[in-house]
Amino acid sequence: MATGTKAYLQDKDGKNLLVGSDWSIIQNKPENLATTDQLGKLSPWKRDGIQYENGAYDWDHVNNGYNCAYRVADFGSFKLVELRLAFGVNKDIVQEVECIKLPAVVKPDGNEEIYAATGTRGVFIHTKPDLTICVYCQQFNKEDKYTANGLLMFHHTYLTTL
């Protein structure tokens, strides 16, 4: 075949069929089309920069400290962050206590403040807008509290442009 010659497939009406793998023959195509080697890549689970405070600790029974971890899929102009926390606190809690500070790489550019139920009456995992993780106990009566060394679990996925 001669250099520069193009071959087109045609349907029964004589209209050209465009081969899906050859984007070079498409006219007026968008300039920002992604190919498979340009799609975001999901990082491995990381725990770099996670800081525990006020008696909080990673629930480290099986994963060698990776029960509190995050991973990031980087899409260039934005990131998808998955946050997984399984932790405990070594004291009873009857108010709000800051337990985990997350690294800047996973902090959202918007307000991600949420409350997540724990299954224990009045005890919630509360995230502040900067994704500082707190344990919060809403006391309906004097007995309501987070009991020391109980398992707390939190999973959150969100988008950020940072």
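Structure shown above.
Residues numbered from 1 in each chain as written. Predicted model: local features only at pLDDT ≥ 70, side-chain atom pairs only at ≥ 80, totals over all residues. Heavy atoms only, no water.

Asker: Outline the pattern of salt bridges, listing residues and values.
Answerer: Scanning the entire structure with this criterion turns up 4 salt bridges. Asp92 is paired through a salt bridge with Lys145; the nearest N and O atoms lie 2.9 Å apart. With Asp92 in the loop between β7 (79-89) and β8 (97-101) and Lys145 in the loop between β11 (133-137) and β12 (152-160), this residue pair connects regions lying 53 residues apart in the sequence. Judged by its relative accessible area of 39%, Asp92 falls in the partly exposed class. For Glu98, the salt bridge goes to Lys101, with nearest N and O atoms at 3.2 Å. Judged by relative accessible area, Glu98 falls into the partly exposed class, the value being 25%. Note on Lys101: relative accessible area 26%, which makes it partly exposed. If you follow the salt bridges from partner to partner, you end up with Glu98, Lys101 and Lys128 in one network. (Salt bridge = Lys/Arg side-chain N within 4 Å of Asp/Glu carboxyl O. Helix = DSSP H or I, 4+ residues; strand = E, 2+ residues; numbered from the N terminus. Buried < 20%, exposed > 50% of the residue type's maximum accessible area, 1.4 Å probe, protein only.)

Asker: Describe the side chain of Asp58, naming the residues involved and giving the relevant values.
Answerer: Within the element layout of this structure, Asp58 appears in strand β5 (residues 56-58). Within the buried core, Asp58 has no salt-bridge partner, and the shortest N-O distance to an opposite charge, that of Arg47, equals 5.8 Å. In terms of polar contacts, Asp58 uses its side chain to reach the side chain of Tyr52, at 3.4 Å. In terms of polar contacts, Asp58 uses its side chain to reach the backbone amide nitrogen of Cys68, at 2.9 Å. (Lys, Arg positive; Asp, Glu negative; His and termini not counted. Polar contact = N/O pair within 3.5 Å; in protein donor to acceptor, adjacent residues only side chain to side chain.)

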